Structure formats: C-alpha cells, structure tokens
Amino acid sequence: MSKDTGSNMKLGMFVIIGLILFTLTIYFVGKQQNLFGSTFQLKSKFKTVSGLKVGNNVRFSGINVGTVSEIQIVNDSSVVVGLTIEEDVQKYIKTDATASIGSDGLMGDKVLTISPGSSSNKVIEDNSFIASKTALEMEDLMISVKTTLDNAGIITAELAKFTYTMNNGEGTLSKLMSDKEFANSLKNTLANLETSTKQFSTFTTSMNNGNGVLSKLVNDESMGVKLDSMMTNLQAGTKNLNETLKAAQNNFLLKGYFNKKKKAEEKKLEELQKQEEPKDKK
C-alpha cells in the first residue's frame, strides 16, 4: 500500500511540474508572438526578403516590438511582409518610417528593423504600408569583397614587377637608385645647372642695375629713343646714297666707267658659264 502511495505522489509531482513548464512555455511563446497583448498590423513590400521567415523579430530603435506574421509573394518581383506590432509602440511610428531586413549578429537570424521617420508628425494607422529599403545581400557583399581582393592581387603583382625592374632594370630611375657613376654624373649636372642659374641671376641683376649699353638699352627710355632716331637717320642716309649712285650712273662723265664695269662683269659671267659646261657634259 505504501509503495502505491509513493508512486502516485511521484506521478502527481511529475504531472504538476509538466503542467507548470507547459504553462510557462505557452506564456513566453505567447508573449513573444504578442498573443496576450493589444497589437496592430503593418505591411511592407520588398523585392526580396533575404531569408526572412514568419516568426522573426521586428525591432524598433533596437527593441523587439513585434514579429513577422505573414510573408506573401505577390509576383516575381514583389513580396509583401505582414508585421504584428505591440500597440504601445504605434504612437512612435510615423508615416514616413521605413522597414529594412538585417541580421541578428553576423550569422544570426534575420530581423526586420523599422527606422523612425524624420519629417512627418502623423502617426501610422493600423494595416498601413510603410516604405522599405533594399537589403544588402551576402552574395553581393562577397562579390564585392572578391573584386577588392582581385584588385589588391593585381596591384601587388604590379608593385612586385616595379620593384624588380627598379633593382635590375636599365632605366634612368633604376640607374639613379643603383648606379653610383650615373648618380655622380647627375649630381654634377645639377651642380652645373645651379652655377649657370647663379650666373644668369648675376647677369640679370647687372642688366637691371648696371651702366652698360645693353642695360641702358633695356632700362633707359631716352637711350631707346636715341637709338631709334639713329636708325631712322641711317635708313634715310642709305636711301640718299642709293639715289646719289643712281644719279652718278646717268652722269655723262661717269657713265663710261659704269658701262665698262658692267661689260667686265658680263664677260666674267660668260667665262664662268663656259667653265661649267664641260662639267655638265661629264
């Protein structure tokens, strides 16, 4: 009799503990799914849900405020996601709020995040649609990372090629790095260039401050005027000399002299032509 009583007590305790655990499970699951509180519904349209499932959390300002209640495919490029959210949060969600899909950690479950609006002061109504943001796909991220790594590999290879050419090439920069004679030659060239620059600086200083003819010609306006007048007079004198020579050629006293000179020049020209004819024949 005592054995039966003990067995019944153990069975009763086991049943009571099971009922308590079941009640607690129902409570926490119901609380998580907002089964026991007042809620309202929102919807958002996405091109892709990126692995989001019914029952995933909905967050607002980093706080879990609801769950994903429905995912419905409208067409080949549109998916409508239904959200069940606690009614206490409704007053904080404005009509310009946006929904985006993210991850709970690096490799965690998907989470739908509602970002509060900034320009609107109107509270969103039950069963309203809110705008959505395109989720960043892990595949796109991996492609971007791969492209970056490929580019880094190309840059590394080119840099290695450049350094090898620098150490073993025949170019100017390579010689500058490794050839001492070339470096000394370049150093001497730069030294000569510096000396020439100093001399040119001295020359320009003398030009600006000296008393020579060239300095006066550059800086002294009166010297320039005098030189211009001298050139004008020289041009006029040359013109008068040409006119005098022409007049002398027509003078009967000197006409014979000029004619004799002209004939001598013509005779000399004929002799030169006769000397060139045999060469042309050969």
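Before going into details, it helps to say that this report is about the structure given with it. (Residues numbered from 1 in each chain as written. Predicted model: local features only at pLDDT ≥ 70, side-chain atom pairs only at ≥ 80, totals over all residues. Heavy atoms only, no water.)

### Notes on the pairing of strand E2 (residues 57-60)
Two elements, E2 and strand E3 (residues 63-75), share 4 bridges in a ladder whose sense is antiparallel. Opposite Val58, over in E3, you have Gly66 as the bridge partner. In this antiparallel pair of consecutive strands, E2 and E3, the connection spans 2 residues, and Ser61 shows a positive phi of 55°. Alignment of E2 against strand E6 (residues 110-115), held across 3 bridges, turns out to be parallel. Residue pairing in the sheet places Arg59 in a bridge with Thr113 of E6. (Pairing = 2+ DSSP bridges. Helix = DSSP H or I, 4+ residues; strand = E, 2+ residues; numbered from the N terminus.)

### Re unusual backbone geometry
One non-glycine residue with positive phi stands out, namely Ser61, at about 55°. You can see Ser61 is positioned in the loop between E2 and E3. The backbone of Asn127 sits at a positive phi, close to 65°, despite the residue not being glycine. Mapped onto the elements, Asn127 comes out in the loop between E6 and strand E7 (128-132).

### Focus on the nonpolar core
Ranked by size, the top nonpolar core spans 22 residues in total, and within it Leu83, Ile85, Ile93, Leu112 and Ile114 carry the most contacts. Listed by contribution, the elements that provide at least two residues to this core are strand E1 (39-46), E2, E3, strand E4 (78-86), strand E5 (98-103) and E6. If one sorts the elements of this core by residue count, E4 sits on top with 4 residues. Setting aside its immediate chain neighbours within four residues, Leu112 contacts Phe46, Leu52, Asn57, Val58, Arg59, Val68, Val81, Leu83, Ala99 and Ser100. (Core = buried A, V, L, I, M, F, W, Y, C linked by side-chain atoms within 4.5 Å. Buried < 20%, exposed > 50% of the residue type's maximum accessible area, 1.4 Å probe, protein only. Contact = heavy atoms within 4.5 Å.)

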